[in-house]
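This is what each chain is made of:
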There are 2 protein chains.
Amino acid sequence: MRTSIATVSLSGSLTEKLTAAARAGFDGVEIFENDLLASPLTPEDIRARCADLGLTVDLYQPMRDVEAVPGDEFDRNLRRARHKFELMRRLGADTVLVCSSVSPQAVDDDALAAEQLSRLADLARDFGIRVAYEALAWGRHVSTYDHAWRIVESAGHPALGTCLDSFHILSRGSDPKGIEDIPGEKIFFLQLADAPLLAMDVLQWSRHYRCFPGQGGFDVAGLVRHVLRTGYEGPLSLEVFNDVFRQAEAGPTAVDARRSLLVLQEAVGRAALPGPVVPTGVAFAELVTPDAEPLTTLLGALGFTRTARHRGKPVALWEQGDARILVNTGPAVRRDGTQLAAIGLESPDPAAAARRAEALLAPVLPRRRAPEDAPLDAVAAPDGTELFFCATGRPGLPDWRADFEDTGAAPAATGLRIDHLALTQPWHHFDEAALFHHGVLGLHAQESVDVADPYGLLRSRAVTNADGSVRIALTVGPAPTDDTVHAQHIALATDDVVASARRFRAAGGSLLPVPANYYDDLAARFEFADGELETYRDLGILYDRDAQGVFRHCYTRTVGRVFLELVQRDDGYRGYGAANAPVRLAAQHAVRALTGG
Amino acid sequence: MRTSIATVSLSGSLTEKLTAAARAGFDGVEIFENDLLASPLTPEDIRARCADLGLTVDLYQPMRDVEAVPGDEFDRNLRRARHKFELMRRLGADTVLVCSSVSPQAVDDDALAAEQLSRLADLARDFGIRVAYEALAWGRHVSTYDHAWRIVESAGHPALGTCLDSFHILSRGSDPKGIEDIPGEKIFFLQLADAPLLAMDVLQWSRHYRCFPGQGGFDVAGLVRHVLRTGYEGPLSLEVFNDVFRQAEAGPTAVDARRSLLVLQEAVGRAALPGPVVPTGVAFAELVTPDAEPLTTLLGALGFTRTARHRGKPVALWEQGDARILVNTGPAVRRDGTQLAAIGLESPDPAAAARRAEALLAPVLPRRRAPEDAPLDAVAAPDGTELFFCATGRPGLPDWRADFEDTGAAPAATGLRIDHLALTQPWHHFDEAALFHHGVLGLHAQESVDVADPYGLLRSRAVTNADGSVRIALTVGPAPTDDTVHAQHIALATDDVVASARRFRAAGGSLLPVPANYYDDLAARFEFADGELETYRDLGILYDRDAQGVFRHCYTRTVGRVFLELVQRDDGYRGYGAANAPVRLAAQHAVRALTGG
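Only a predicted model underlies this, so the values are computations on that prediction, with no experimental measurement involved. (Residues numbered from 1 in each chain as written. Chains lettered and ligands numbered in written order. Predicted model: local features only at pLDDT ≥ 70, side-chain atom pairs only at ≥ 80, totals over all residues. Heavy atoms only, no water.)

1. Comments concerning the domain arrangement of chain A
All names here are of chain A.
- Per the domain assignment, the segments making up chain A are domain 1 (3-267), domain 2 (284-406) and domain 3 (417-595).
- Computed over C-alpha atoms, the centres of domain 1 and domain 3 are 44 Å apart.
- The interface of domain 1 with domain 3 comprises 12 residues on the first partner and 10 residues on the second.
- With both chains or domains summed, domain 1 and domain 3 bury close to 1000 Å², and 65% of this area falls on carbon and sulfur atoms.
- Summed over the three residues of domain 1 that lose the most area to domain 3, namely Gln-215, Val-244 and Arg-259, the buried surface amounts to 42% of that side.
- On inspection of domain 1 and its partner domain 3, the count reaches 1 salt bridge.
- Connecting domain 1 to domain 3 are 1 residue pair in polar contact (both at pLDDT 80 or more).
- Those elements that provide at least two residues to the side of domain 1 that touches domain 3 are helix H10 (243-247) and helix H11 (250-267).
- Ranked by residue count, the leading element in the side of domain 1 that touches domain 3 is H11, at 5 residues.
- Its residues assigned to classes, the side of domain 1 that touches domain 3 comprises 6 nonpolar, 4 polar and 2 charged. (Domains from an automatic or database assignment. Contact = heavy atoms within 4.5 Å. Buried area = accessible area lost by both parts, 1.4 Å probe. Salt bridge = Lys/Arg side-chain N within 4 Å of Asp/Glu carboxyl O. Polar contact = N/O pair within 3.5 Å; in protein donor to acceptor, adjacent residues only side chain to side chain. Helix = DSSP H or I, 4+ residues; strand = E, 2+ residues; numbered from the N terminus. Nonpolar A, V, L, I, M, F, W, Y, C, P; charged D, E, K, R; others polar.)

Here it is in structure tokens:
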């Protein structure tokens, strides 16, 4: 199916928007009137620019407050429409969107609306233009898609059809099944947007919080299935008003948009993508650092051993039980201090995983880093983190481990494993990140939670595979500038956090100090065995409980932008200790204030 | 009356919050439990810190999900309460807030609620503590203040009273008049918050969008009047959850908070502030610049003449009709390029205006800049703009004009005057700015409007005096970092914008080019006399109409952060051409992209 995007969904000048849409692979655009008005390009220039970019102009929009008004008012509207149809002819646009009226002058008279829309369609036909009439969710008298369709149907004009918009339909809770009663050739256009499920004024919701399909709570794919059953053959077009996208660079937003449509097309059986290959574990986490010493001291105290080194690069492999951490001191792409730069994901079929990622517009990274390296399938996530699809120790598949030569040291037996990885997301790409990990990796996105940092609210959302052997927590700061302020971390699972913490401390490790007041509160909220709480207090272990089980966790000090966490999950606890995050964040701020870090 | 603020209303560590509250002049604080948990200070330390700062601990909050639950659950709640009462004794807090339960275990049984709250109050009394029971707007069974009061009344326990919260009462549309039926001594606490009038889920509204009284749409003063009639003698306490305040520096937020309470206290007759002295005109606008040449070329082309120079400083007075602009090339406090640094406001009583500003916590600026200068009353607005209260040419009052000596040149006769001044506000202080201009200057705040810039949404709000002779437009960018991106401007009113624009162009001035598409749209929307639209198109004049009248306006190029606007208001047009702002902003971005500025 053809895909299209409304220029209002992207940031910048009209030229920037068109370029971004074309580069992301869209077939066409909806030209939003205000973008045209503000552009120094003439309509002919815009038409030529679109043609050069391989874009069709699928829709001109919106025309407002046209129908069901007194005669003299309608005459003025026809005059206005004639101007716009002339403009559309210059622009090469053959379909115009007419939104149901919000004018106080409009009357509740479907017959009048049909008659005036017919007259508008008469005029449009003279220009070779089709009129697509759409019900705004907050239209004065027409606010549901079936009502708009009844008016179009009774008008019975060949140049008059309806436009469906998933936001306007689903935000009102209308049943989209009724779409199947509309003949497909009378659906002149289909606009798609998702939105988080908010209880708020629908106009504000629509203007500020729309998002791309798969990023919100609507069943957009379900709606599209109904539309396709009508025989609709027009484009799938995204129309998203979103305060964040307005500020974000147009290029990445357009890629995010197109990826959301690809996932949607796959869901409705109209795109043949390589199928998802869900990762089955974490092969390694890779830290880059300009100075390995603080990190390796930390890893040593956690019981990690340097078991191997890369044959051609300054990368060391540190192991502890099943947890593997690479420490890379080579020139990294994003070298601003110590950070979590890459994740190795154990994959049942690394090449197939990479093909799917590429089909979903993930930047593919070079397969071989050096001539003698094993070929590795890898892509970049929206936040720049490199994702390697690995087949550790599986015969017949390229193994990243083959690039490393053993040091002779064996990993300690007291086994840790990687429980989860926490990545800080760029402010403008939080919704994109969850869709990426879901669409590309087949991970399930858990609910988004707010976390109170002393200096602003963070939002956090985890993506996981079914058995929890891959868990990635995505966190975004309170403002666009904060994406480097908050730390990333690697959480290591242990069967006995108290023993692990004690070993760490005995080995010279230093845990994040937790305020005594926190433990007084724990004592008020829960009952503990004798001495248990004192142990937690002594070590700085935090405690949480959910409906399933218990979570105990503690934190190392931060090195650069990275810290490590020791966690013990019991009885199927599913979360990440979010209830304790404000205390942890405040403690980290306090340490930073003391150390000036 | 005593004033208090909840620590949750301010950003930072508990220490930072307490310091900010004390410096702003609050008498006490509500300690929010999470702030205490996250603090490394012991309860005794916090008590001592508060005492040192002259703050009382007026409330400990919140205690949740206590009442109307099965017996074993209530026993656990009592155990938890005992821990908290012990903590409060250490903290020196004698009142605890208990919110109506949201627990799924709570039952709809007022008698049980009253009995269990009585038992809680029994325990509290042993610790010398009072229990203030409050209805959350989203409480499971108790969500209105009168319901909470009925339960408290039926319990009849001396250590049990109610807590009123203006947000919970007004967000539900409850009639606050019923408050007068509660005996004042049973109102144990009063929490105040305002909020913008949003139609949204009340819990999200409460947690993210509360603001200080006078910054939202609630009649908080009306509610307080009802409370005072009961004989309530406790503090007025602010409890505001707000995503922006969480990120803003605590110090300025605390000042903003305290100012809002002062204005509120005045409104309910409990504060004797010097009365407002509303300005009657704009005496001058002052631009600072490291390089006067581009500005003075611009002013020259607009018909301004350099009529006087300051006797002791590198400041020149430029005049055109009634418009006066100072160009200051001396070392300015905030010298980062050319900007609008000060406004002279014509005041009926400059000294009284300054006294009110000072009483409302505006920083007072030194009265004399140099020994020989005329004494000038001036304060700083929240955005740092200096506001001078002036008595231009009024005998017996200090006159700023006396510091200037004439150059001999006379201002041009073709009179301009200052129509409005547009100031860019720091992101964290937009609500504060409107309250400041209203409270301190007695200006009326008009409705807030959204304006689509190509790179994000701006919010804009104007403050004016009754006859429109003082108009200041306050604009804030889409993100915390954008406060220096968008330009400030001075709008000059003319009776004939076409003639003014032509004179400007003839004198070598260059107007902002407006896209041709904009004029095609005007032609579609309005009917013009022959040649009228061509004139606008030729000059780059924008056109708007409201219910009252017509607005025509055009823009100069930008110098540093400042540009000028020529405006013609006809027939009582009240706005600022907001409908045209997206086109103007896009045109300014296009110029900047071309010039690399």
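So much for the structure itself; the text now carries on.
2. Description of H11 of chain A
All names here are of chain A.
- Its 18 residues give H11 an end-to-end C-alpha distance of 26 Å, which sits within 8% of 26 Å, the value for a rise of 1.5 Å per residue.
- Burial of H11 is extensive: 13 of the 18 residues sit out of reach of the surface.
- Backbone geometry just downstream of H11 places Gly-269 in the positive-phi region, at approximately 75 degrees. (Expected span 1.5 Å × (residues − 1). Buried < 20%, exposed > 50% of the residue type's maximum accessible area, 1.4 Å probe, protein only.)

3. Examining the state of the cysteines
- Per the counting criterion, the structure on display carries 0 disulfides over all chains.
- Considering cysteine sulfurs only, Cys-99 of chain B is the nearest to Cys-163 of chain B, which forms no disulfide, with 8.3 Å between them. (Disulfide = S-S within 2.5 Å.)

4. Some remarks on the UniProt feature "binding site: a divalent metal cation" (unreviewed entry) in chain A
Residue and element names in this part refer to chain A.
- As annotated by UniProt and renumbered to match this structure, "binding site: a divalent metal cation" (unreviewed entry) occupies Glu-134, Asp-165, Gln-191 and Glu-239. The greatest C-alpha distance among the annotated residues, which extend across 106 residues, is 13.3 Å, indicating that they converge on a single site.
- Along the chain, Asp-165 falls in strand S6 (residues 160-165).
- In contact with Asp-165, other than residues within four places in its own chain, are Glu-134, Gln-191, Arg-210 and Glu-239.
- As for its position among the elements, Glu-239 is in the loop between strand S8 (236-238) and H10.
- When near neighbours in sequence (up to four residues on either side) are disregarded, Glu-239 contacts Ala-6, Val-8, Ser-9, Glu-30, Gln-61, Asp-165, Gln-191, Leu-192, Ala-193 and Arg-210. (UniProt positions renumbered as here; feature names shortened; annotations may be inferred.)

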